[in-house]
Amino acid sequence: MRYKLIVSDFDGTLLRSDNTVSPTVIDAIARYRAAGGVFTVSTGRSMQSIVNRLPETGLSGALPIMALQGGYAADYETGKELFRRPLGFEGLSRFAAALREVGLYFHVYTPDGIFTAVHTDESALYEQKTGTTVQAVGDPVEYLKGRDDIIKVLAVCDRSTIRAVCATLQARTPDLQVFTSSPIFIECVSPQAGKGNGVRLTAAALGLSIDEVAAIGDEMNDKTMIEAAGLGVAVKNAVPDLLAVADMTVQSNDCDGVAELIEHCLKTE
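The rules behind each value
- Residues numbered from 1 in each chain as written.
- Predicted model: local features only at pLDDT ≥ 70, side-chain atom pairs only at ≥ 80, totals over all residues.
- Heavy atoms only, no water.
- Pairing = 2+ DSSP bridges.
- Helix = DSSP H or I, 4+ residues; strand = E, 2+ residues; numbered from the N terminus.
- Axes fitted to C-alpha atoms, helices over the stretch in contact; angles between N-to-C directions.
- Contact = heavy atoms within 4.5 Å.
- Salt bridge = Lys/Arg side-chain N within 4 Å of Asp/Glu carboxyl O.
- Buried < 20%, exposed > 50% of the residue type's maximum accessible area, 1.4 Å probe, protein only.
- Parallel < 35°, antiparallel > 145°, perpendicular 65-115°, else oblique.
- Left-handed = near helix turned anticlockwise from the far one by under 90°.
- Nonpolar A, V, L, I, M, F, W, Y, C, P; charged D, E, K, R; others polar.
- Phe/Tyr/Trp six-rings, centres within 6.5 Å; stacked < 30°, edge-to-face > 60°.
- Lys NZ or Arg CZ within 6 Å of the ring centre and 35° of its normal.
- Arc of directions from axis to C-beta.

With that settled, consider the sheet that holds strand S13 (residues 231-235). Taken together, five strands build an open sheet; the order of strands is S2-S1-S12-S13-S14 and the sheet is parallel. Because the sheet does not close on itself, it has two edges, and the strands there are strand S2 (38-41) and strand S14 (248-250). Adjacent strand axes in the sheet meet at a mean angle of 20 degrees when their direction is disregarded. In this structure, strand S12 (residues 213-217) lies alongside S13, joined through four bridges in parallel fashion. If you follow alanine 214 over to S13, its bridge partner there is leucine 231.

In structure tokens form, the structure reads like this:
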């Protein structure tokens, strides 16, 4: 089997639009693992959020899970930290200033918490979707002052302007990684983080070359891992810019695209 590690995005890729994981995909994951492959996820969600959902996929045991856009990883079974690539307080300060200039609401993430200025309808919806708690702390930049474990920032933007606003924010903080992760989310992480770097670190820890990795996703936060992997795959519902760089396109998240990739990997010597 050529591809010994499959790394999947969660929302919009492994997870269907109805917020469930397909039984067909669950079965394919089990067969891939039984054949000796390692199947895992890389997500923008916090570790708490993704660990709460992974039992639905049938995954269990010692497994490297990548969270917070490749900025943090831990073992699924023990919770032991595997690596972190923080944005840091200085990066947070500069990106928060840029967000305030364009008037965007935002959350700040550390390995053990999510922080925002005040609770809003957006934070309530986010808590409901992810099963996490967002702490309202006044000014999150002031609240987290001096901390070195700040991993990422997520901002909420109108979908009609998100591409232009994302480009503006990247231009204002050119040394940071800025990208969209959904039709309304813009995120920022360290240049040492990102899903591509997370996949490289994970493959190396497993003793695999990057050529033995297949990665699959749907949004621009997945672009670096799609480009890094030996086989970069986009689901059919992916944004056009990701479809353009993928080596392979499979069916959508609602039509068992991840299972299609797994079947391909099982047959590829």
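So much for the structure itself; the text now carries on.
Before going further, it helps to examine the side chain of serine 42. Summarising the element assignment, serine 42 is placed in the loop between S2 and helix H2 (47-53). If we skip the residues at most four places from it in the chain, serine 42 touches Val7, Ser8, Asp9, Phe10, Met66, Lys195 and Met225.

Next up on the list: the pairing of strand S5 (residues 81-84). As judged from the three bridges shared by strand S4 (residues 72-75) and S5, these two strands associate in the antiparallel manner. Counted as the bridge partner of tyrosine 72 is arginine 84 from S5.

Overall, antiparallel pairing links the three strands, which are arranged S3-S4-S5 in an open sheet. Looking at which strands have only one partner, the edges of the open sheet turn out to be strand S3 (64-67) and S5. For this sheet, the mean inter-axis angle between neighbouring strands, taken without regard to orientation, is 15 degrees. Sheet strands touched by helix H7 (residues 195-205): S3 and S5. Its angle to S3, the strand with the most contacts, is close to 165 degrees.

A word on the pattern of salt bridges. It is possible for side chains of opposite charge to pair when their charged atoms get near one another. Under the definition given, this model contains 19 salt bridges. The partner of aspartate 175 in a salt bridge is arginine 94, and the shortest N-O contact between them spans 2.7 Å. Separated by 81 residues along the polypeptide, aspartate 175 in the loop between helix H6 (162-172) and strand S10 (177-180) and arginine 94 in helix H3 (residues 88-102) bring together distant segments of the chain. Look at arginine 94 and you get partly exposed, because its relative accessible area is 29%. Its salt-bridge partner being arginine 147, residue aspartate 149 comes within 2.9 Å of it at the nearest N-O pair.

In this section: the packing of helix H1 (residues 23-34) against helix H10 (residues 257-267). In the contact formed by H1 and H10, the axes pass within 8 Å of each other and the chain directions differ by 25 degrees. Comparing the axis directions of H1 and H10 gives the class roughly parallel. You can see that H1 and H10 cross each other, and the crossing is left-handed. From H1, Thr24, Val25, Ala28, Ile29, Arg31 and Tyr32 reach across to H10, where they touch Val258, Ala259, Ile262, Glu263, Cys265 and Leu266. Split by residue class, the contact of H1 with H10 holds nine nonpolar, one polar and two charged.

So, about the side chain of threonine 173. Relative to the helices and strands, threonine 173 is located in the loop between H6 and S10. Leaving out residues up to four positions away in the same chain, threonine 173 has contacts with Arg94, Phe95 and Val178.

Two aromatic rings, taken as a pair, are described by how far apart their centres are and by the angle between their planes. One pass over the full model with this rule turns up three aromatic pairs. Residues phenylalanine 115 and tyrosine 143 carry aromatic rings whose centres are separated by 5.6 Å and whose planes lie at 40 degrees to one another, so their mutual orientation is tilted. Highlighted residues: phenylalanine 115 in strand S7 (residues 113-116) and tyrosine 143 in helix H5 (residues 140-143), separated in sequence by 28 residues. Taken together, Tyr109, Tyr126 and Phe185 form an aromatic cluster joined through their ring pairs. Just above the ring of tyrosine 109 sits the side chain of lysine 152; from NZ or CZ to the centre is 4.4 Å.

A few words on H6. Given 3.6 residues per turn, any residue in an α-helix points the same way as the ones three and four places further on. The set of residues buried in H6 consists of Ile162, Val165, Cys166 and Leu169. Here the buried residues of H6 occupy an arc of 100 degrees about the axis, which is enough to place them on one side. Opposite the packed face of H6, turned more than 90 degrees from it, sit the exposed residues Ala164 and Ala171. On its buried side, H6 packs onto H3, S10 and strand S11 (185-189).

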